[in-house]
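Observations on chain architecture
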Amino acid sequence: MRSFKLLLAGAALVLSLGTAQASEAPEFPRQHWSHDGFFGTFDRAALQRGYQVYKEVCSACHSMKQMRFRNLAGIGLDEAQIKALAAEFETTDGPNDDGEMFQRPSRPSDRFRSPFSNDNAARAANGGALPPDLSLIAKNRKGGQDYVYALLTGYADAPQGVTVPEGMHFNKVFPGHLIAMNQPIQPDAVTYADGTKASVEQMAKDVTTFLAFTASPHLEARNSLGVKVMLFLFVLTGLLYAAKRKIWKGLH
Amino acid sequence: MAKYDYVPSPFMSNPIVKWVDHRLPIFEMVDQQLIKYPAPRNLNYWWNFGSLAGVMLVVMILSGIFLAMNYQPNTLAAFDSVERIMRDVNYGWLLRYMHMNGASMFFVVVYIHIARGMYYGSYKAPREILWWLGLLIFLAMMATAFMGYVLPWGQMSFWGATVITNLFSALPLVGKSIVTWLWGGFSVDNPTLNRFFALHYLLPFVIAGLVMLHLWALHVHGSNNPLGIDAKGPQDKIPFHPYYTVKDAFGLSVFLIVYAYFVFFNPYVLGDADNWIPANPMVTPPHIVPEWYFLPFYAILRAVPDKLGGVLLMFGAIAILFVLPWLDTSRVRSGRFRPAFRVFFWVFIVVTITLGWCGAQLPEGIPLILGQVCTVLYFAHFLVFLPLLGWFERPRPLPASIAEPVLTPAAK
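One numbering rule holds for all chains: residues counted from 1, following each sequence as written. Here the convention is simple: chains get letters from A, ligands get numbers from 1, in the order in which they are written. Given that this is a predicted model, residues contribute local features only at a pLDDT of at least 70 and side-chain atom pairs are listed and counted only at 80 or more, while totals for whole chains, interfaces and linings are drawn from all residues. Only heavy atoms go into the side-chain values, all of them from the structure, while hydrogens and water stay out.

Here's the deal with the overall build of chain B
The criterion, for reference: Numbering goes from the N terminus for both helices and strands, where a helix is a DSSP run of H or I of at least four residues and a strand is a run of E of at least two. Within these notes, the globule rule equals 2.2 Å times the number of residues to the 0.38 power, and the radius of gyration is based on C-alpha atoms. Only protein chains enter the accessibility calculation, which uses a 1.4 Å probe; a residue whose area is less than 20% of its type maximum is buried, one above 50% is exposed, and one in between is partly exposed.
Broken down by element type, chain B carries 16 helices and 2 strands. On C-alpha atoms alone, chain B measures out to a radius of gyration of 24 Å, which is about the 22 Å that the 2.2 N^0.38 rule sets for 412 residues. In terms of overall dimensions, chain B has a C-alpha envelope of 70 × 60 × 45 Å along the principal axes. Here chain B, with 412 residues, has 53% of them falling under the buried criterion.

As structure tokens, this is what we get:
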């Protein structure tokens, strides 16, 4: 009987796994990320390089509305650095006592500035395509951060027989393969302060790390609390098991 | 309600306890229904899932109340308010992940609880009303979970709500009006979100009330047990405390390890990536799927080419459970003594899981056909197999009492 059950369960599992694999297309490889796993932490250097790529490349078209400058403490910047960095940008404030809106340097509590004032303006400037907000991009696409990395490094010449319309570009992993965004990261698009060579793969990896951070800024707190909770539960479970054994012993 | 030979616990002679109990016998109730409450001595770990479901209800209500303090049920603010909880509220991410993954855990626990009842015949006389109350809890849970999923106002929230509420439009004559009435307008919009939030807050307390009735009905005849035979005397029963309090506590701790794994290390895996995109009525996601715990019913809905037929069959898949006590014609409760039933039971489990898989696929090709086959098998289990099994099956002989096989291991 037991073996029959196992057989059924096994068959169901193989069926579901096999077909689930087959229906997932296109494929992209899993990358190694320092923030994966039970003890994962973000690579601070990669986060700061990734922010630089975001700031100098992505932010020309993409908003990041959930992020405030103070959140950059999470990539390893201190208060003074954040203040200085925020002041490089302007935020619309007001109305003032005269009823006028005015521009002032951003403060750490301000949100990242969006490149366009609304979605229609963004579409108008990008050939009708809306550049998505990047705050949560590392978890609101199937495949998450691995997908983002594969997309950024997935530009290629269209295979024979595929016609790429005007204003579109071929990408190996984008659903449908035709994407409005031109290859965003060109070799040496940025100059890293720490001397890291700015290859496409390096920048893609760095900016994806940064996007994983903006999607889950609490990841490190989550992991470290999680490990403690797990340790506590393992000990508690062991104690309760011993208590159960002891209490039930007299019964049999 | 105490039908057994009740011997009060020592604390019952405390003068304060006596003073209170003379006016409101609350200590007596706790002592009779929780501490000295006689339970069958042979309950296995599948019986843990009832108390686990109770714990999950409490976890969901508590985490939900704190989330509600920071949530804004307005289409313009809902998504951002949830992100604010995740990013700026102290331990907001923890509350949110406990609640989000807690819904999945609640359903896992309840599905196992229901399956246990089906395997051991816990729905049979005299526990039919207990079974009904459990099904009502299940229905209320489904409504609560559905409306809760709408609140973050992501893409799947919006489109899931649109698809599911639109099901009612399949009803003849009144369908369209009912949908408008549900929405509070002509599409899923702010009034819908507002009322869903109000109802999502209300229904858990309705569930809590139903749980009280469920426990009341349970305590009239006591728990069923793996042998499915009635207790013959005091040697068949043991007091709930400490035996089952410690067994439930151990089971809870194991369960919490699984729950904590999802909350802390894999909080997104049970949800849909699309729900991290703010709702947009102008963009339909390529593939609208409900949460995993609705997938078997979603597959049944889509197995029928006709919309009304699909809706009726989907609701029928749950409605049929209400008459299960009469569809199962066997007088033996426990599957342990029903060799043929056991095979059909596991086939039913595989059929249901397969339906769940089909529900997650696009309704075409193999998943569609497989879904249709499994839908037929799902209903056949209740309408054909179970009624016939009672007549054709030769159950194995039942033990004379619960204590007999427990105390004389040779009898195994």
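There's plenty left to go through after this.
Some details on empty space enclosed by the protein
Residue and element names in this part refer to chain B. Just so we agree on the cut-off: The way it works is a 1 Å grid over only the protein atoms, where trapped points that fit a 1.4 Å probe form a cavity and open points with protein on both sides within 12 Å along at least five of seven lines form a pocket, and then any residue with an atom within 4 Å of a point lines it. Grid points are joined across faces, edges and corners, and a volume is the space filled by probe spheres set on the points. Residues were grouped as follows: Ala, Val, Leu, Ile, Met, Phe, Trp, Tyr, Cys and Pro as nonpolar; Asp, Glu, Lys and Arg as charged; and all remaining residues, including Gly, as polar.
For the structure shown, the criterion picks out 4 cavities of 30 Å³ or more. In this structure, the largest cavity encloses a volume near 60 Å³. As for the largest cavity, its lining consists of Ala299, Arg302, Ala303, Cys358, Pro363, Pro367, Leu368, Gly371 and Gln372. Here the element with the most residues in the lining of the largest cavity is helix H15 (residues 365–392); it accounts for 4 residues. The residue makeup of the lining of the largest cavity, split by class, is 6 nonpolar, 2 polar and 1 charged.

Structural notes on the packing of helix H5 (residues 144–152) of chain A against helix H6 (residues 200–215) of chain A
In a pair of packed helices, the angle between the axes and the distance between the axes together describe the arrangement. All names here are of chain A. Definition in use: Axis definition: a line fitted to C-alpha atoms, limited for helices to the stretch in contact. Angles are taken between N-to-C directions and run from 0 to 180 degrees. Relative orientations are named as follows: roughly parallel for angles under 35 degrees, roughly antiparallel for angles over 145 degrees, roughly perpendicular for angles from 65 to 115 degrees, and oblique for any other angle. Handedness of a crossing is defined here by the sense of rotation of the near helix relative to the far one, left-handed for an anticlockwise turn of less than a right angle and right-handed for a clockwise turn. The contact criterion used throughout is that any non-hydrogen atoms of two residues lie within 4.5 Å.
In contact at an axis separation of 9 Å, H5 and H6 are set at 150 degrees when each is read in the N-to-C sense. One finds that H5 runs roughly antiparallel with respect to H6. Here the hand of the crossing between H5 and H6 comes out right-handed. On the side of H5, the interface is formed by Gln145, Val148, Tyr149 and Leu152, while H6 contributes Val200, Glu201, Ala204, Lys205, Val207, Thr208, Leu211 and Ala212. Of the residues assigned to the contact of H5 with H6, the class counts are 8 nonpolar, 2 polar and 2 charged.

Some words on the domain arrangement of chain A
The condition that has to hold: Each domain's limits were defined by an automated method or a database of domain assignments.
Segmentation of chain A into domains returns domain 1 (25–33 + 45–61 + 133–216) and domain 2 (220–247). Using C-alpha coordinates to define each centre, domain 1 of chain A is positioned 40 Å away from domain 2 of chain A.

Focus: the side chain of Ser401 of chain B
Residue and element names in this part refer to chain B. In plain terms, the rule: Think of a polar contact as two N or O atoms within 3.5 Å of one another; within protein, one of them needs to be a possible hydrogen donor and the other a possible acceptor, and neighboring residues in sequence only count if both atoms come from side chains.
Take Ser401: it is sitting in the loop between H15 and helix H16 (403–407). For Ser401, the side chain forms a polar contact with the main-chain nitrogen of Ala403, separated by 3.4 Å. Discounting residues that sit within four places of it in the chain, Ser401 has contacts with Leu227, Ile229, Lys232 and Asp236.

Considering the environment of Leu34 of chain B
All names here are of chain B. Checked against the element boundaries, Leu34 lands in helix H2 (residues 26–35). Here the alpha-carbon distance between Leu34 and Pro239, two residues 205 residues apart in the chain, equals 8.5 Å. Apart from the residues lying within four places of it in its own chain, the contact partners of Leu34 are Met29, Phe240 and His241.

Regarding the nonpolar core
Test applied: Definition used in this section: a nonpolar core is a set of buried Ala, Val, Leu, Ile, Met, Phe, Trp, Tyr and Cys residues joined via side-chain atoms within 4.5 Å.
Within the largest apolar cluster, 119 residues are counted, with the highest numbers of intra-cluster contacts made by Met118, Tyr378 and Phe382 of chain B. When residues in this core are grouped by element, the largest group, 14 residues, is from helix H5 (residues 92–119) of chain B. Val57, Phe112, Tyr147 and Leu152 of chain A belong to the second-largest nonpolar core, a separate cluster that totals 43 residues.

As for the interface of chain B and chain A
What counts is decided by this rule: Note: buried area is the sum, over both parts, of the accessible area (probe 1.4 Å) each one loses when the two are combined. Only one rule defines a salt bridge in this text: a Lys or Arg side-chain nitrogen within 4 Å of an Asp or Glu carboxyl oxygen.
Contact residues are listed per partner, giving 47 residues for chain B and 46 residues for chain A. Counting each side, the surface lost to burial between chain B and chain A is near 4100 Å², with a carbon and sulfur contribution of 71%. By the criterion of area lost to chain A, the three top residues of chain B are Arg87, Phe264 and Phe265 of chain B, representing 17% of everything that side buries. At the boundary of chain B with chain A, the tally comes to 3 salt bridges.

Examining the packing of aromatic side chains
For clarity, the threshold we go by: Pairing of aromatic side chains here covers Phe, Tyr and the six-membered ring of Trp, requires ring centres within 6.5 Å, and sorts the geometry by plane angle: under 30 degrees stacked, over 60 edge-to-face, intermediate tilted. In this scheme, the term charge over a ring applies when either NZ of a lysine or CZ of an arginine sits within 6 Å of the ring centre and within 35 degrees of the ring normal.
Throughout the structure, instances matching the rule amount to 56 aromatic pairs over all chains. Ring pairing ties together the aromatic residues Phe42, Tyr51, Tyr54, Phe69, Phe89, Phe112, Phe210 and Phe213 of chain A, which thus form one cluster. Here Arg49 of chain A stacks its cationic end above the ring of Tyr192 of chain A, 5.6 Å away from the centre of that ring. The ring of Tyr45 of chain B has Lys247 of chain B lying over it, and the distance from NZ or CZ to the ring centre is 4.5 Å.

Points about helix H3 (residues 49–68) of chain B
All names here are of chain B. Note the following rule: Helix span, as expected, comes to 1.5 Å for every residue beyond the first.
Spanning 20 residues, H3 covers 28 Å between terminal C-alpha atoms, matching the ideal 28 Å at 1.5 Å per step. Three or more residues of H3 are buried, namely Phe49, Leu52, Ala53, Met56, Leu57, Val59, Met60, Ile61, Ser63, Gly64, Leu67 and Ala68. Structurally, H3 contributes buried residues whose contacts are with helix H4 (78–87), H5, helix H9 (190–221) and helix H10 (240–265).

Considerations on the packing of H5 of chain B against helix H6 (residues 128–150) of chain B
All names here are of chain B. The geometry of H5 relative to H6 is characterised by a closest axis approach of 12 Å and an angle of 155 degrees between their N-to-C directions. What the angle tells us is that H5 and H6 run roughly antiparallel. Crossing handedness for the pair H5 and H6: left-handed. Between H5, through Phe106, Phe107, Val110, Tyr111, Ile114 and Met118, and H6, the contact on the second element is made entirely by Trp131, Phe138, Met141, Met142 and Ala145. A breakdown of the residues in the contact of H5 with H6 according to their chemical character gives 11 nonpolar, no polar and no charged.

Describing the environment of Lys142 of chain A
Here Lys142 of chain A lies in the loop between helix H4 (119–125) and H5. Placed 14 residues apart in sequence, Lys142 of chain A and Gly128 of chain A show a C-alpha to C-alpha distance of 24 Å.

What to know about a nonpolar patch on the surface
What counts, and what does not: Like charges within 9 Å and nonpolar side chains (Val, Leu, Ile, Met, Phe, Trp, Tyr) within 5 Å are joined into patches, using only residues over 30% in relative accessible area that form no salt bridge. Working definition of accessibility: Shrake-Rupley area with a 1.4 Å probe, residue cover restricted to the visible protein chains.
Taken together, the side chains of Leu383, Val384, Leu388, Trp391 and Phe392 of chain B make up a nonpolar region of the molecular surface, amounting to roughly 590 Å² of accessible area. If you trace the backbone, Trp391 of chain B turns up in helix H15.

What about the pattern of salt bridges?
Enumeration according to the criterion identifies 15 salt bridges over all chains in this entry. Among the ionic pairs, Glu83 of chain B bridges to Arg87 of chain B, the shortest N-O distance being 2.7 Å. Taken together, the positions of Glu83 of chain B and Arg87 of chain B, both in helix H4 and 4 residues apart, correspond to about one turn of that helix. Using a relative accessible area of 2% as the deciding quantity, one classes Glu83 of chain B as buried. By relative accessible area, Arg87 of chain B is classed as buried at 17%. Residues Arg338 of chain B and Glu393 of chain B are paired through a salt bridge, measuring 2.8 Å at the closest nitrogen-oxygen approach. Here Arg338 of chain B, found in the loop between helix H13 (324–327) and helix H14 (339–360), pairs with Glu393 of chain B, found in the loop between H15 and H16; they are 55 residues apart in sequence, far enough to count as distant. Of the residues examined, Glu393 of chain B reaches a relative accessible area of 9% and is grouped as buried. Counted as one network, the salt bridges with shared partners bring together Asp93, Arg104, Arg107 and Asp110 of chain A.

As for the environment of Ala103 of chain B
Residues and elements named next belong to chain B. Of note, Ala103 is situated in helix H5. You can call Ala103 buried: its relative accessible area is 15%. Ala103 sits 237 residues away from Ala340 along the chain, and the two C-alpha atoms are 35 Å apart. Residues contacting Ala103, with those up to four places away along its chain left out, are Met60 and Tyr293.

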